[in-house]
Amino acid sequence: MSKNNTIKKREPVLMQGNEAIARGALDAGVNFYAGYPITPSTEIAEIFSYELPRRGGKFIQMEDEIASISAIIGGSLAGAKTMTATSGPGFSLMLEGIGFAKMTETPCVVVNVMRGGPSTGLPTKPSQSDIMQARWGGHGDAPAIVLYPNSVMESYELSIRAVNLAEKYRTCVVLLSDEVLAHMRETVNLPDLSKIKIIDRIKPTIPPEWYKHFPENPKYPMPMASFGEGYRFHVTGLSHDEKGFPTNKAKEISRMMERFRKKIEYYIEDIVQIESFFMEDAKIAIFTAGITARAAKEAVMKARKRGIKVGLLRPLTIWPFPDGAVKKYLGDKKAIIVPELNEGQLSHELKRVMGGIWNYEIRKTKNIVELHKNSGELITPEEIFQTIREVK
Amino acid sequence: MAKAIFKKEIRLSGSGGQGLITAGIILARAAVIEKHRVTQTQTYGPESRGGASRADVIISNAEFYYPEATRFDILITLTQEAYDRHSFNLKDDGILIADNTSVKNITLLDSEVYELPFADIAQQKLGSLLPTNIITLGFLVRITNVVSEASLKKAIENSMKPQYVEMNLKAMKIGFKLADEYKKED
């Protein structure tokens with residue numbers, strides 16, 4: 001680490017993806033980090049370990065990932081903005097805690113820098129194989145907000161956004177990255193702090209005896225008292241009522257579950273971000289996210305130079321899945337190419353939206369072409385370009 | 001008049017511990033000083049010493065997307081293994097800089113090839129193998145002018161701990177001198 005880590009004046013600098021995530025979170029107000037280092041996410045913990053103490057925040061290196069997620073939930077309940085970062089093996093361990101954060105509507109952010117799996121897999125190689133896990137990994141029906149940038153600058157921006165969305169919707173937001181994105185360095189020009197929109201937690205203003213930690217019809221951002229402020233509430237992983245106490249009443253349980261679903265469903269426009277790259281007149285579309293989108297863009301440019309009308313649709317919000325945008329942009333395309341560093345996770349979801357996973361007739365007419373790689377290498381622009389030529 | 005678009009893809013390859021990623025970062029920082037668009041990526045094995053390691057730097061004055069070098073304008077190879085693996089993707093008019101302490105077998109015909117025992121020179125002149133990366137980088141910059149020497153110097157000063165700056169600036173100058181002598185020999 002060099003002296004470049006202290007940015008006094010905001011001018012173009014060379015920054016690493018992981019550093020951008022840490023910087024974004026710090027700018028968004030994260031003041032508590034508990035984590036267990038793991039390649040390729042370790043730099044995030046490293047930066048927090050020296051930035052937080054000197055800003056009056058707290059950094060704890062925990063004994064493992066289960067303790068890490070538990071600590072950031074506790075920190076959040078005590079009023080802090082919290083984050084932890086890990087990779088696949090650690091993310092698997094954190095899933096139980098992530099479910100607890102969602103059940104107790106406790107804001108926090110978990111960064112998962114994806115590497116090859118399963119198990120210990122490929123610590124120093126990229127992968128995109130936790131896309132489904134980030135949505136469906138934990139048990140029980142639960143809402144999921146999952147973001148995935150494709151550049152160092154965007155890692156910074158989406159890190160801020162992840163913290164904001166966690167605070168606004170009182171849930172655990174997952175920020176995905178991958179080994180290449182996390183370790184690569186790019187020129188970034190960070191915006192002035194005054195230009196960044198930060199969502200801070202709203203404190204209840206009503207008398208403590210009226211306070212409900214889990215109100216039936218809240219507005220978002222949802223007010224949230226911290227422990228020790230005189231507002232009494234109960235926190236449990238059991239299904240609970242408005243005060244947080246366990247309940248077995250069918251009505252109260254479904255009301256809670258409905259609200260979990262609706263707080264994502266109703267605000268999907270606020271949560272979903274997509275990028276449309278040369279899609280206006282495209283006959284062939286590429287659909288991918290994260291680092292693979294970088295290869296896709298290069299391939300689009302190459303194909304455009306040769307007169308082939310190709311575009312890229314890229315979700316920055318992976319979950320909730322942007323069904324509407326997918327239908328709107330991809331519905332009339334001759335072919336959709338889905339390159340990804342897994343064995344077909346985004347494409348699986350795309351097929352659901354485009355007319356049924358098991359309906360082979362529809363899949364054939366829609367011509368969804370999957371391009372997978374699971375070897376720890378990136379999909380290259382050349383490989384995507386070849387596929388474009390094949391489907392043209 | 002529209003500025004000519006340039007894009008240089010550079011790969012520094014060898015084995016873990018040779019400081020290639022550090023050299024890549026320094027080169028990238030030098031290019032940022034010159035207000036270019038830069039990406040720097042790397043791959044390495046689970047071990048930080050031994051094992052194949054490489055760093056890529058792409059420098060351009062226009063927008064580009066894919067962050068890894070695919071067809072190299074400049075290739076540094078510090079081991080035979082790195083040479084064997086990467087030399088096929090060097091452009092025909094590309095530049096190869098090889099450490100012939102380790103790279104014994106060079107088969108390229110078209111490219112501009114520079115061979116020097118950089119590791120031996122580092123050991124002899126600076127008493128350590130550590131500055132091999134910066135000697136090579138200094139050599140690269142003087143031969144190719146991919147960034148200015150002033151930017152390189154500034155990037156080294158910004159990237160190294162204060163106690164190592166002097167030795168590395170010395171290494172950079174050795175690299176410059178080697179390049180001048182190499183040119184004369186031609």
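The structure presented is a predicted model; accordingly, all values stated were derived computationally and were not measured. (Residues numbered from 1 in each chain as written. Chains lettered and ligands numbered in written order. Predicted model: local features only at pLDDT ≥ 70, side-chain atom pairs only at ≥ 80, totals over all residues.)

J.: Would you mind showing me how to read the overall build of chain A here?
T.: The helix and strand tally for chain A stands at 14 helices and 15 strands. The C-alpha radius of gyration of chain A comes to 21 Å, within 12% of the 21 Å expected for a compact globule of 392 residues. Each principal axis of the C-alpha distribution contributes one length, and for chain A these read about 70 × 55 × 40 Å. The buried share of chain A, taken over its 392 residues, is 50%. Within chain A, contacts between residues at least 6 apart in sequence are counted, and of these 76% link residues at least 24 apart. (Helix = DSSP H or I, 4+ residues; strand = E, 2+ residues; numbered from the N terminus. Rg over C-alpha atoms; globule rule 2.2 N^0.38 Å. Buried ≥ 20, exposed ≤ 12 C-beta atoms within 10 Å, placed from the backbone. Contact = placed C-beta atoms within 7 Å.)

J.: Sorry, what's going on with unusual backbone geometry here?
T.: Apart from glycine, the bulk of residues carry a negative phi angle, and the bulk of peptide bonds sit in the trans form. Each neighbour pair has its own omega, and for T39 of chain A with P40 of chain A the value is 5°, a cis peptide bond. Among the structural elements, P40 of chain A can be located in the loop between β2 (32-35) and α2 (42-54). The linkage connecting Y220 of chain A with the following residue, P221 of chain A, adopts the cis geometry, with an omega of 5°. By the secondary structure assignment, P221 of chain A is in the loop between β9 (185-188) and α8 (250-265). One non-glycine residue with positive phi stands out, namely K35 of chain B, at about 65°. With respect to the helices and strands, the residue K35 of chain B is situated in the loop between α1 (20-33) and β2 (37-44). Residue N145 of chain B is not a glycine yet carries a positive backbone phi of 55°. In this fold, N145 of chain B is placed in the loop between α4 (132-144) and α5 (149-159).

J.: Got a minute to help me understand the sheet that holds β9 of chain A in this structure?
T.: Strands in a sheet are paired, the pairing made by backbone hydrogen bonds, and the direction either parallel or antiparallel. Taken in spatial order, the eight strands of this open sheet run β1(A)-β9(A)-β2(B)-β3(B)-β1(B)-β4(B)-β5(B)-β6(B), and their pairing is mixed. In the strand order of this sheet, the two ends are held by β1 (13-16) of chain A together with β6 (112-116) of chain B, each with one partner. Averaged over neighbouring strand pairs, the angle between their axes works out to 20° when direction is ignored. Direction of pairing for β9 of chain A relative to β2 of chain B: antiparallel, over a ladder of two bridges. When the bridges of β2 of chain B are listed, R185 of chain A appears paired with Q40 of chain B. (Pairing = 2+ DSSP bridges. Axes fitted to C-alpha atoms, helices over the stretch in contact; angles between N-to-C directions.)

J.: Help me understand the interface of chain B and chain A in this model?
T.: It is common to give the size of an interface as the accessible area lost on bringing the parts into contact. Chain B puts 20 residues into the contact, and the matching count from chain A is 21 residues. For the side of chain B that touches chain A, the secondary-structure elements that each account for two or more residues are α1, β2 and α5 of chain B. Partitioned by chemical class, the residues of the side of chain B that touches chain A number nine nonpolar, eight polar and three charged. (Nonpolar A, V, L, I, M, F, W, Y, C, P; charged D, E, K, R; others polar.)

J.: Would you mind showing me how to read the sheet that holds strand β10 (residues 274-277) of chain A here?
T.: All names here are of chain A. Here we have five strands laid out as an open sheet, ordered β10-β12-β11-β14-β15, and mixed in their pairing. Single-partner strands in this sheet number two, and they are β10 and β15 (368-372). Averaged over all pairs of adjacent strands, the angle between their axes in this sheet comes to 20°, without regard to strand direction. Relative to strand β12 (residues 310-315), strand β11 (residues 284-287) is paired through four bridges, and the arrangement is parallel.

J.: How should I be thinking about the pairing of strand β3 (residues 50-60) of chain B in this particular structure?
T.: The two faces of the sheet receive side chains in turn, since in a regular strand these alternate between them. All names here are of chain B. Of the pairings in the sheet, the one linking strand β1 (residues 7-16) to β3 comprises 10 bridges and is antiparallel in character. In the strand pairing of β3, K8 is matched with I59. Note: β2 against β3, eight bridges, orientation antiparallel. Residue T43 lies in a different strand from β3, and its bridge partner there is R54.

J.: I would appreciate a short explanation of the domain arrangement of chain A in the present structure.
T.: Residue and element names in this part refer to chain A. One can read the domain layout of chain A as domain 1 (3-195) and domain 2 (275-391). Taken over C-alpha atoms, the centre of domain 1 sits 27 Å from the centre of domain 2. On the domain 2 side, the residues contacting the 23 residues of domain 1 number 18 residues. Mapped by element, the contributors of at least two residues to the side of domain 1 that touches domain 2 are β6 (122-126), α5 (131-136), β7 (145-147), β8 (172-178) and α7 (179-183). Ranked by residues supplied to the side of domain 1 that touches domain 2, first place goes to α5 with four residues. Among the residues forming the side of domain 1 that touches domain 2, the class breakdown is 15 nonpolar, five polar and three charged. (Domains from an automatic or database assignment.)

J.: Can you help me understand helix α12 (residues 346-353) of chain A in this one?
T.: Each full turn of the α-helix corresponds to 3.6 residues, which orients residues three or four apart in the same direction. Those residues of α12 of chain A not exposed but buried are L346, S347, E349, L350 and K351 of chain A. Where α12 of chain A terminates, the next one or two residues include G355 of chain A, which has phi positive at roughly 125°.

J.: Which parts of the structure should I look at to understand the nonpolar core?
T.: Here is a general trend for soluble globular proteins: nonpolar side chains tend to be buried in one another's company. Grouped together as the largest cluster of nonpolar side chains are 157 residues, with contacts concentrated most on V109, V146, L175, A285 and I384 of chain A together with L27 of chain B. The biggest single contributor to this core is α1 of chain B, with 10 residues. When we break this core down by domain, the ones giving at least three residues each are domain 1 (3-195) and domain 2 (275-391) of chain A. Contacts of V146 of chain A, omitting those with residues within four sequence positions, involve A134, R135, V174, L176, I318 and W319 of chain A. (Core = buried A, V, L, I, M, F, W, Y, C linked by C-beta atoms within 7 Å.)

J.: Got a minute to help me understand the environment of S159 of chain A in this structure?
T.: Residues and elements named next belong to chain A. Among the secondary structure elements, S159 is positioned in helix α6 (residues 152-169). Residue classification places S159 among the buried positions, given that 28 C-beta atoms sit within 10 Å. Setting aside residues up to four positions removed in sequence, S159 forms contacts with A20, I21, G24, A25, A28 and L175.

J.: Would you mind showing me how to read α6 of chain A here?
T.: All names here are of chain A. An ideal rise of 1.5 Å per residue puts 26 Å on 18 residues; α6 measures up with 26 Å between its terminal C-alpha atoms. In terms of burial, α6 is a largely internal element, 17 of the 18 residues being buried. Phi turns positive one or two residues past the end of α6, at R170, with a value near 45°. (Expected span 1.5 Å × (residues − 1).)

J.: Where do I start with the packing of helix α3 (residues 118-126) of chain B against α4 of chain B in this structure?
T.: Geometry of a packed helix pair, given as the angle between the helix axes and the separation of the axes. Residue and element names in this part refer to chain B. Relative orientation of the contacting elements α3 and α4 amounts to 115°, with a least axis distance of 9 Å. Note that α3 runs across α4; the crossing there is right-handed. Across from F118, A119, I121 and A122 in α3, the residues of α4 making contact are T132, I135 and T136. The class makeup of the residues in the contact of α3 with α4 is five nonpolar, two polar and no charged. (Left-handed = near helix turned anticlockwise from the far one by under 90°.)

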